[in-house]
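# Report on the structure
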Amino acid sequence: MRYLILSDIHANWEALQAVLADAEGKYDKILCCGDIVGYGANPNEVTEWVRTNVALCVRGNHDKAAAGLENLEWFNPFARDSALWTQKITTQENLTYLRLLERGPLRFGNMQILHGSPVDEDEYLVGRDDAEQVAYYLDVPYSFFGHTHLQGGFACHRNGVRLIQRPALNESHREVGLEPGMNYLFNAGSVGQPRDADPRAAYALYTVGEPLLVLRRTPYDIAAAQKKIVAAGLPEFLAERLAAGR
Ligand code: ZN
């Protein structure tokens, strides 16, 4: 089975289309680690696409916010504005889908998908310290998470945790060799709002049984996504940050 792993699409239709074109023919099933909506201007189009095409998806904090399951007081002003706009524009059918998304981790075989961390769906795994604290709770070798919008992740061993590097700015992809005896926490990166100083859309490809995982980046029509955000009356900062990848 060949998996396409997506996370943090954030209602960015242009980025999603670019990822699908780049990954064409390289996967059988699609997994999603949450945050389908929020920030971007196409929540309905992206949610409908996920409903039709994604085999397994966990909820993210922005999906909860759109569905009315999150206290928006804890959101920063940009996130709050976009959550309220998303609630207004999203159809009842799509909101129901977002409301019923399951909390991670969702396990299957020797893999699991989750949004934040294996112990708390809203926690951010940013640095090695964060990964060290949750490594003990990993009982499957391959975990896929999101939430930070930082592609890469961690290779966890009982003797310590190693950082997994994302592709450099001049690379389209990076192959990560998989070693036995490790528990991996992979972040596929954000499709629709990367924050790791690389504005290209991020995703991952994993084939069961193969000794490597591929982290990929692909350029997309950022200007088109920005134009829609501004035209929707969403905060301009949300458009600007797409070009910076921060
Ligand atoms: Zn997110």
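First, a word on scope: everything that follows refers to the structure included in this document. (Residues numbered from 1 in each chain as written. Predicted model: local features only at pLDDT ≥ 70, side-chain atom pairs only at ≥ 80, totals over all residues. Heavy atoms only, no water.)

Perfect tetrahedral coordination of a metal by four donors corresponds to 109.5 degrees between them, and perfect octahedral coordination by six donors corresponds to 90 or 180 degrees. Around the zinc ion, the protein supplies Asp-8 (OD), His-10 (NE2), Asp-35 (OD) and His-149 (NE2) as donor atoms, at distances of 2.1 to 2.3 Å. For the zinc ion, the four donor atoms in the first shell make angles of 85 to 177° at the metal, so the coordination geometry reads as irregular. Binding-site remark: the zinc ion is held by donors from one chain whose sequence spacing is D-x1-H-x24-D-x113-H. Note that His-10 is positioned in the loop between β1 (2-6) and α1 (13-23) and His-149 in the loop between β6 (142-145) and β7 (152-157), a separation of 139 residues in sequence. Looking at His-149, the relative accessible area reads 1%, which means it is buried. (Donors = N, O, S within 2.8 Å, 3.2 Å for Na, K, Ca; no water. Tetrahedral: all angles 85-135°; square planar, octahedral: opposite > 155°, others 65-115°. Helix = DSSP H or I, 4+ residues; strand = E, 2+ residues; numbered from the N terminus. Buried < 20%, exposed > 50% of the residue type's maximum accessible area, 1.4 Å probe, protein only.)

Next up on the list: unusual backbone geometry. Along the chain, Gly-104 connects to Pro-105 via a cis peptide bond; the corresponding omega equals 0°. Relative to the elements of secondary structure, Pro-105 occurs in the loop between α5 (92-100) and β4 (106-108). A positive phi angle is found at Asp-35, which is not glycine, with a value near 60°. Structurally, Asp-35 can be placed in the loop between β2 (29-32) and α2 (43-53). For Tyr-39, which is not a glycine, the phi torsion comes out positive at approximately 75°.

With that out of the way, let us pick up the environment of Lys-88. Mapped onto the fold, Lys-88 is located in helix α4 (residues 77-89). Expressed as a C-alpha distance, the spacing of Lys-88 and Glu-240, which sit 152 residues apart in the sequence, is 23 Å.

Turning our attention to the packing of aromatic side chains. Tallying each qualifying case throughout the model produces nine aromatic pairs. Both rings, one in Phe-78 and one in Phe-237, keep their centres 4.6 Å apart while their planes meet at 35°; by these two values the pair is tilted. Pair noted here: Phe-78 is in helix α4 and Phe-237 is in helix α8 (residues 236-244), with a separation of 159 residues, a long-range link. The ring of Tyr-39 has Arg-241 sitting right over it, with the charged end atom 5.9 Å from the ring centre. (Phe/Tyr/Trp six-rings, centres within 6.5 Å; stacked < 30°, edge-to-face > 60°. Lys NZ or Arg CZ within 6 Å of the ring centre and 35° of its normal.)

The subject of this paragraph is the pairing of strand β10 (residues 183-187). In terms of burial, β10 is a largely internal element, four of the five residues being buried. As paired elements, β7 and β10 share five bridges and run antiparallel to each other. Looking across to β10, one finds that Gly-153 is bridged to Phe-186. (Pairing = 2+ DSSP bridges.)

The next thing to look at is the sheet that holds strand β9 (residues 173-177). The mixed open sheet is built from six strands, whose spatial order is β3-β2-β1-β11-β12-β9. One side of each edge strand has no neighbouring strand; the edge strands of this open sheet are β3 (56-57) and β9. Examined bridge by bridge, β2 and β3 share two bridges and lie parallel to one another. Paired with Leu-31 across the bridge in β3 is Leu-56.

Residues of α2 that are buried: Pro-43, Asn-44, Val-46, Thr-47, Trp-49 and Val-50. Contacts from the buried residues of α2 go to β1, α1, β2, β3, α4 and α5. (Contact = heavy atoms within 4.5 Å.)

Moving on, we come to the packing of α2 against α5. Between α2 and α5, whose axes approach to 10 Å, the crossing angle comes to 60°. Accordingly, the angle class assigned to the pair α2 and α5 is oblique. Considering how the two elements wind past one another, α2 and α5 form a crossing that is left-handed. Between α2 and α5, the residues in contact are Asn-44, Thr-47, Glu-48, Val-50 and Arg-51 and Glu-93, Asn-94, Tyr-97 and Leu-98, respectively. (Axes fitted to C-alpha atoms, helices over the stretch in contact; angles between N-to-C directions. Parallel < 35°, antiparallel > 145°, perpendicular 65-115°, else oblique. Left-handed = near helix turned anticlockwise from the far one by under 90°.)

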